[in-house]
Structure formats: structure tokens, C-alpha cells
Amino acid sequence: MLEIRRVSVFYPGGDRTDAVEALRNIDLDIGEGEFVVALGASGCGKSTLMNLIAGFLAPSFGQLRLDGAPIAGPGRDRAVVFQKHALMPWLNVIDNLAFGLKLQGVGRAERYTVARRFLGLLGLEDFETSPVYMLSGGMQQRVGIGRALTADPRILLMDEPLGALDALTRERAQELILRIWQSQNKSVFLITHSVEEALFMGTKLIVMSPRPGRITHRFDLPFSRRFLAGESAREVKASPEFIAMRETVLGIIFADEEQAA
Amino acid sequence: MSFESETDTAASPGNAPQTPFLKRFLRAAPTRPGQTYGVPGEGRTVGISVAAVLIVLILWQVVTMAGLVAPLFLPSPVQVVEKFIAILGNGYTGAPLWLHVLVSAGRVFAAFALACVIGIPLGLAMGMNPVMRGLFDPFLEFYRPIPPLAYLPLMIIWFGIGETSKVLLIFLAVLAPVTLGARAGVRSVAIEQIHAAYSLGATRGQVLREVVLRAATPEILTSLRIGVGFGWTTLVAAEMVASTQGLGYMVLSASQFLQTSTVLVGIILIGAIAWIFDLAMRALERRIVPWKGRM
Ligand SMILES: Nc1ncnc2c1ncn2[C@@H]1O[C@H](COP(=O)(O)OP(=O)(O)O)[C@@H](O)[C@H]1O
Ligand SMILES: [Mg+2]
């Protein structure tokens, strides 16, 4: 579905800084229904990669194609979810959810019908008309995810969507995102710097490393499928395979760090 | 000081533990539950303000009654109130007081409305578009700090001594803060909000209307409050030439006849109207941007 071929990105240097090679020679495929997680220390080009897919940024070299067509700018088929600051505080919960439909010119009654389907899925039934600035961080983030879903994109792009949440809320949100992924049958590209989150959620993991930003390791992951098949999140995360995998990935990241230092 | 009993302290929960006088200025006393320690300038001010105003009024009355200042320089508050009642009854220079108020308010609000209609779109355009910013920035920044009194003669030469030059003078005073406020308001939108809108399929026009304009609203409202204040500031200058009505005219002409109490009535009326309008604007703000500063 999405193909990234030999993509490099250089940010021009400023007065006192050299040009930054934010990404070098990235090759990546995201297939239908795949859940790809990008993991890496900050500065390794994760957000740059997402901005390329979203169409906010054009690559310096290389190509990105969605269903064979080059990506030229943002579009409804690729919805983004950010860590924060992205909801519209002048709209209540349901109007935030229906925002994309409003932009498409869908009438109010129909917008609300669609948005209400997601209220339930997100556990926000009782907050339909609440102002979003009154909600907790976890609920705000669910509204952000819901807003992306209502637009019915092919792929969800999430840049550290859970980074601002406390540990408990974060685990709940991880489970929710997996359930949504399963029920809505979307592709997902998720950025995180939590190893555990990456392993638990993805079907495919790319580990990235900075200066220049590149993909150093790729893994296929079974854990989200195990969770969706009925195992509890705690069971999955405490299983020997999960722990072994976590140590492997942590080892890679620490080795990177030491090399950089 | 020692506490008499348990019940005694419970009866006066407001008493902070005693700290040496000097120390309390070096470090804030621990707060009671529900407050935040160390917030700069924390505390209610309404009572203090009311008290301060009352004290000034009393001092004013005492000083003038004691004959320390000649009424020509400073009439007493009671005399000012008497003057107000007299003008209310008989009008001033042939026109009733309400007409003076109406004429001045009309000038200020006409200029204000014009400044909103032109300044808000202009400011948004300058915020959104470098060409617009490049075009208008030098002129706006040049005239902005010039006192309106300085270009009043030009207004009169160009637009005559009628209503046009008066409203235009006030309009120019209001335009700069409103335009700059709208322009700065564009900056208060988060880039994530814009990106989210685009990836939901928004057009540029939709991003402007549905995101930027909405996000800029708090800042625009603040600039409107500041702008209308500038308008009142300019009123007296606008009514300096060829006026027979208006509060600014009243203040100026009364001063020529050394009617100090009438001058004070005019000043207090201008201040009161401006203040009431500001209260209304703040109420409006709470209604239409309750989310201001909260996300
Ligand atoms: N707009 C920009 N201009 C210049 N350099 C940038 C810009 N955005 C990111 N960079 C640099 O590119 C590198 C990768 O950044 P980013 O993609 O944000 O990484 P991550 O999201 O993994 O933390 C960093 O070194 C960062 O400083
Ligand atoms: Mg980032």
C-alpha cells in the first residue's frame, strides 16, 4: 500500500549549524492492515519520516508512493494524531470528532451520526457535548484518535500519541488503539520511544538511529495479535518471549547510545 | 502570642503561623489547602481597590474642605457631584448631557467599528501572508507611535473640520492595536492544529476560517479592548477643533473658562463609559472564548 524508496532528507543548516541529514536511504513498506512502529531516541528522524508520509514534507531524495501514486501533500487518506495541542478547544467533543466531516461539507445530522458511532468505541458516550479543554489528557487523546478515525483514512499516523499520559492511562490507551486497529482494519504508523509500547503494539518494528537518521533493525512482532486473540496485556508483557525481545531491543538502543557518546 | 485552646485556633483558620516580620518578605508563607505556593501576585484585590478609591475620595474631600487647595484648581467631590447633577438638569452649552455622551460615544464606536472591519481582516492577512505583511508593515509601524494630536492638522486639512476628520482620527488610533492584535493572533494557532486540519482534507480557506481565525479570537478580543481604550484616549483631541457637542468638547471648553468641576465631570464620564464597555467586553470574552488560555 505505502512504499518508501531510498528516501533521504537534509535540513538546511542555519547560520551556526551544519546541514542535518535527518534521514538516509530509508526503505519501508507499510501494507494493508499492518501496524508499523518506529522506535528510537529523539533526533533520529521519526517525526521527519511521519511528516514525509503525511505529505507535510517532501524528501530531498527518493520517493514515497501510496497505492502507486506519489505522495504530493497531505490528504484525507492519511490522518495524523499528535501528542498534544491538536484538538480545537472552541469545539466540544462531538464537533471535534466530526471536524473532518464538516470540512468535507457533510451535514450536521449525518456528521453526528457517524461521530456517535466512535463515541462508544472510545468510551466517551457521557462526554458528547463536553468542552474538550475540560477533559483529562487521556480523554483528550481519545478524542484526537477518534477525530482521525471519523475521517475514515487508509492509514493512521501517530507521533508519540501517548507520550504525555501517565503510565496507567497509557496502557489503557495502548489496548484501545489495538482494539480500534482490529475493528476498523486500518494501517497504522506509530512513533514511540517506549520499547515496551513498541513491542506490544506493532506487527512490524523499525529501530532507528540518529546522525544520520536511518533504520538499523527490523523485526516482525507477534504480541499485539496475541493480545487481540485474548491474552491479557499483562500476560503478554510478562511472557518470556516479550522480555527476551525487550532486552534485545534495549541492547540495540544502548549500543547506539554508547556509539554516539 | 500563644494559642489559648484548640477551639480558638479552629475558630480562626485564616491565621497563618507567626513568622518574623522580615522573613515574610523574603519567602512566601505556606499556603492553605487549595492554593498554590509561591504564585507571583496571588490574592484577591477587589476589597483593596474599593478601599483605595474610598480613601482617595475622603482625602480629596478633606483637603478641599480644609481649604488647602483653591476650588479653581481642585473642587471637592461633593462639588463635582453637584455640578454633574446641574449639567444633567440643564445640559451644557445648550445641549443636554445625554447628547454630549451620545455624540462622543457615536464617534468612538463608529471609529471602533470601522477599525474592526478593516483592522481584523488586514491583521489576519498580514499574519497569513508575507506579501501583505511586507506591504503594510512599514506604514503601520511608522504611524503607530505618532501621537494623534500630531496628525490632527493633516486630518483637518485633508478631510475638513466636519465629522469625517474626527472619526478618522479616532479610527487611526484604534486601527493599529486591532491590526497588530489580529496579526499576532495568527501566531497563537498551534502548528499541530493546522497539520491535523490539512490531513483531514481542509483547504487553505478552511484552515483560515475554521482553525486560524478561531484560534486567533482570544487575541483579537484582547486587542479590541486595547483598541477601544486608545479610541477614548483620542476623543478629546478629535473634539478639539470645530465641535459644539461631545464630552471631549465639554472638557476642553470648560477648561477655557476655568470651570474645573465641569472638566472633572467630563473626565469621570469618559472614564466610566470606557470602563463599562471594557466590563462588557470581558463578559463577552468569557462567553465566546471560555477556553482562552486553557489548552
Ligand atoms: N525543521 C527542521 N529544521 C532543521 N532541522 C530539523 C528540523 N526538524 C528536525 N530537524 C533535525 O532533524 C533530526 C531529526 O528530527 P526529528 O525527525 O524531529 O526526530 P525525532 O522525531 O526522532 O525526535 C534532528 O537532528 C532534528 O534536530
Ligand atoms: Mg519527534
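Residues numbered from 1 in each chain as written. Chains lettered and ligands numbered in written order. Predicted model: local features only at pLDDT ≥ 70, side-chain atom pairs only at ≥ 80, totals over all residues. Heavy atoms only, no water.

Thoughts on the UniProt feature "domain: ABC transmembrane type-1" (unreviewed entry) in chain B
Consideration 1: Here the UniProt-annotated "domain: ABC transmembrane type-1" (unreviewed entry) positions come out as residues 101–281 of chain B.
Consideration 2: A distance of 19 Å separates the end C-alpha atoms of residues 101–281 of chain B, which is 85% helix and 0% strand. (UniProt positions renumbered as here; feature names shortened; annotations may be inferred. Helix = DSSP H or I, 4+ residues; strand = E, 2+ residues; numbered from the N terminus.)

Section: the sheet that holds strand β7 (residues 155–159) of chain A
For sheets, the rule is that strands pair by backbone hydrogen bonds, running either parallel or antiparallel.
Residue and element names in this part refer to chain A.
Consideration 1: Strand order in the open sheet formed by six strands is β6-β7-β8-β3-β9-β10, and the pairing between neighbours is mixed. Of all the strands in the sheet, the pair left with one neighbour each is β6 (78–81) and β10 (214–220). Adjacent strand axes in the sheet meet at a mean angle of 20° when their direction is disregarded.
Consideration 2: Pairing between strand β3 (residues 35–39) and strand β8 (residues 187–192): five bridges, direction parallel. Residue L39 lies in a different strand from β8, and its bridge partner there is T192.
Consideration 3: Running over the sheet, helix α6 (residues 167–184) touches β3, β7 and β8 and is turned about 145° from β3. (Pairing = 2+ DSSP bridges. Axes fitted to C-alpha atoms, helices over the stretch in contact; angles between N-to-C directions. Contact = heavy atoms within 4.5 Å.)

Considerations on the site of ligand 1
Residue and element names in this part refer to chain A.
Consideration 1: What surrounds ligand 1 is the set Y11, V20, A22, A41, S42, G43, C44, G45, K46, S47 and T48.
Consideration 2: One nitrogen or oxygen atom from the main chain of G43 is found 2.7 Å from an oxygen atom belonging to ligand 1.
Consideration 3: At a separation of 3.3 Å, an oxygen atom of ligand 1 approaches a polar backbone atom of C44.
Consideration 4: In the complex, 60% of the free accessible area of ligand 1, which totals 560 Å², lies under the protein chains.
Consideration 5: At the level of elements, β2 (20–30) and α1 (46–54) are the ones that each hand at least two residues to the shell around ligand 1.
Consideration 6: Of the residues forming the shell around ligand 1, the biggest block, three residues, is contributed by α1.
Consideration 7: Split into classes, the residues belonging to the shell around ligand 1 amount to five nonpolar, five polar and one charged. (Near = heavy atom within 4 Å. Polar contact = N/O pair within 3.5 Å; in protein donor to acceptor, adjacent residues only side chain to side chain. Areas by Shrake-Rupley, 256 points an atom, 1.4 Å probe, with all protein chains shown as cover. Nonpolar A, V, L, I, M, F, W, Y, C, P; charged D, E, K, R; others polar.)

So, the UniProt feature "domain: ABC transporter" (unreviewed entry) in chain A
Consideration 1: Summarizing the sequence annotation, UniProt attributes the feature "domain: ABC transporter" (unreviewed entry) to residues 4–235 of chain A in the numbering used throughout.
Consideration 2: Between the C-alpha atoms that bound residues 4–235 of chain A the distance is 35 Å, and the span itself is 35% helix and 26% strand.

Quick notes on unusual backbone geometry
All names here are of chain A.
Consideration 1: Between R211 and the following residue, P212, the backbone shows a cis peptide bond with an omega angle of -10°.
Consideration 2: Along the chain, P212 turns up in the loop between β9 (204–209) and β10.
Consideration 3: Here the phi dihedral of N25 falls at roughly 50°; this positive angle occurs in a residue that is not glycine.
Consideration 4: By the element assignment, N25 lies in strand β2.
Consideration 5: One non-glycine residue with positive phi stands out, namely R211, at about 50°.
Consideration 6: Position of R211 relative to the elements: it lies in the loop between β9 and β10.

Here's the deal with the sheet that holds strand β4 (residues 61–66) of chain A
Residues and elements named next belong to chain A.
Consideration 1: Pairing is antiparallel across the open sheet formed by four strands, whose spatial order is β2-β1-β4-β5. Lying at the two open borders of the sheet, with one neighbouring strand each, are β2 and β5 (69–70).
Consideration 2: Across two bridges, β4 lies against β5 in antiparallel orientation. Among the inter-strand pairings, L66 is bridged to a residue of β5, identified as A69.

Some details on the UniProt feature "transmembrane region" (unreviewed entry) in chain B
Residues and elements named next belong to chain B.
Consideration 1: In the UniProt entry, the feature "transmembrane region" (unreviewed entry) is given for residues 46–72, 84–103, 109–130, 142–161, 167–186 and 257–277.
Consideration 2: Counted over residues 84–103, helix gives 70% and strand 0%. Its end C-alpha atoms are 18 Å apart.
Consideration 3: Here residues 257–277 runs as 86% helix and 0% strand, with 31 Å between its end C-alpha atoms.

Brief notes about the packing of aromatic side chains
For any pair of aromatic rings, the description rests on two quantities: the centre-to-centre distance and the angle between the ring planes.
Consideration 1: In this structure the tally under the stated criterion is 12 aromatic pairs over all chains.
Consideration 2: Measuring from ring centre to ring centre gives 6.4 Å for B:Y143 and B:Y151, while their planes differ by 70°; the resulting arrangement is edge-to-face.
Consideration 3: Each residue in the set B:F109, B:F112, B:W232 and B:F277 is aromatic and connected to the rest through ring pairs, giving one cluster.
Consideration 4: When the ring centre of A:F200 is taken as origin, the NZ or CZ atom of A:K237, which lies over that ring, is 4.5 Å away. (Phe/Tyr/Trp six-rings, centres within 6.5 Å; stacked < 30°, edge-to-face > 60°. Lys NZ or Arg CZ within 6 Å of the ring centre and 35° of its normal.)

Observations regarding the interface of chain B and chain A
Interface size is commonly expressed as the accessible area that is lost once the parts come together.
Consideration 1: The interface is formed by 20 residues belonging to chain B together with 27 residues belonging to chain A.
Consideration 2: When chain B packs against chain A, close to 2,200 Å² is buried across both sides, 70% of that on carbon and sulfur atoms.
Consideration 3: If you look at where chain B meets chain A, you find one salt bridge.
Consideration 4: Notably, a salt bridge pairs B:E210 with A:K102, separated by 3.2 Å at the nearest N-O pair.
Consideration 5: Applying the counting rule to chain B against chain A returns five residue pairs in polar contact (both at pLDDT 80 or more).
Consideration 6: Those elements giving two or more residues to the side of chain B that touches chain A turn out to be α9 (191–199) and α10 (204–238) of chain B.
Consideration 7: At seven residues, the largest contribution of residues to the side of chain B that touches chain A is made by α9(B).
Consideration 8: For the side of chain B that touches chain A, the residue count by class is 11 nonpolar, five polar and four charged. (Buried area = accessible area lost by both parts, 1.4 Å probe. Salt bridge = Lys/Arg side-chain N within 4 Å of Asp/Glu carboxyl O.)

Quick word on the packing of helix α5 (residues 97–128) of chain B against helix α8 (residues 163–186) of chain B
All names here are of chain B.
Consideration 1: Viewed as axis vectors pointing N to C, α5 and α8 meet at an angle of 35°, and their least axial separation amounts to 6 Å. The two elements α5 and α8 cross, and the hand of that crossing is right-handed.
Consideration 2: Per-class residue counts for the contact of α5 with α8 are 21 nonpolar, four polar and four charged. (Left-handed = near helix turned anticlockwise from the far one by under 90°.)

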